[in-house]
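What follows is the residue order along each chain.
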Amino acid sequence: MSKNPNLTLSGPDLAALLCSRVCHDVISPVGAINNGLELLDEGGADSDAMDLIRTSALNASVRLKFARLAFGASGSVGASIDTGEAERAAKDFAVAEKKTEVSWSGPRAIVAKNRVKLLLNLFLVAYSSIPRGGNLDITLENPEFDASFKLVAKGKLMRLPPKFVEIATGTAEEAIDAHSIQPYYTVLLAEECGMVLDYSASAEEIIFTAKVAAA
């Protein structure tokens, strides 16, 4: 499998941009928690403040748990991960966002860490293709061996994430930043796993797939 010409970030730059992405994801709910505490300090409605704090704390916790699996080490180098953990992380992420329903089918298995990370990052790419929400169906086949992942997104105002397409096809012209690091990491993980990414779009759905490259 040929090397994608866009995958040029050094290790330190990749780590720094992924950290920026995680911080971006959690800063909003953490800020909302602070706003709720300020509302309590000012004598505001206790029930409203506590609802804001509770919802925001859950959102921050879900995002951090997801990031630990999708971006973090999640154990030692070369470790394996239970796909059941990935399923729970993806569904909890969607529940916290309250706009997309996620269905998951396929065998539960202990598989190579980078394959699970690829699956969760492809989930984020597919999730971003339906910004107004909708349905996301995830199917795993033979995850321990000749793995195949298929994610089907359906919703209003669907669109293929342009940065993902540019990076996946090796045609990105702008420098990778904290906004494009996630699709970059998805493509990088696919190459590390020896899996081929593909995608297609129609008026009814957008399909993303990852399959083990033919020998």
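The sections below set out a description of the structure shown in this document. (Residues numbered from 1 in each chain as written. Predicted model: local features only at pLDDT ≥ 70, side-chain atom pairs only at ≥ 80, totals over all residues. Heavy atoms only, no water.)

In this section: the nonpolar core. Residues F123, L136, I138 and L151 are the most contacted members of the largest nonpolar core, which totals 56 residues. The element that contributes the greatest number of residues to this core is helix α4 (residues 113-128), accounting for 10 residues. When neighbours within four sequence positions are excluded, L151 is seen to be in contact with L119, L122, F123, A126, L136, D137, I138, I206, I207 and F208. (Core = buried A, V, L, I, M, F, W, Y, C linked by side-chain atoms within 4.5 Å. Buried < 20%, exposed > 50% of the residue type's maximum accessible area, 1.4 Å probe, protein only. Helix = DSSP H or I, 4+ residues; strand = E, 2+ residues; numbered from the N terminus. Contact = heavy atoms within 4.5 Å.)

Looking now at unusual backbone geometry. Residues other than glycine seldom take positive phi values, yet N142 does so here, at roughly 50°. Among the secondary structure elements, N142 is positioned in the loop between β4 (134-141) and β5 (148-155). The class of N142 is partly exposed, set by a relative accessible area of 39%. Residue L157 is not a glycine yet carries a positive backbone phi of 55°. Looking at the secondary structure, you find L157 in the loop between β5 and α5 (162-168). According to the relative accessible area criterion, L157 is exposed, its value standing at 56%.

Evaluated as defined, the whole model comprises 8 salt bridges. The partner of R21 in a salt bridge is D25, with the nearest N and O atoms 3.0 Å apart. Taken together, the residues R21 and D25, both in helix α1 (residues 11-41) and 4 residues apart, mark about one turn of the helix. Across the pair, exposure class does not vary: R21 and D25 are buried alike. Note that D82 is salt-bridged to R108, the shortest N-O span being 2.9 Å. On the criterion of sequence distance, the pair formed by D82 in strand β1 (residues 80-82) and R108 in the loop between β2 (100-105) and β3 (110-112) is long-range, its members being 26 residues apart. (Salt bridge = Lys/Arg side-chain N within 4 Å of Asp/Glu carboxyl O.)

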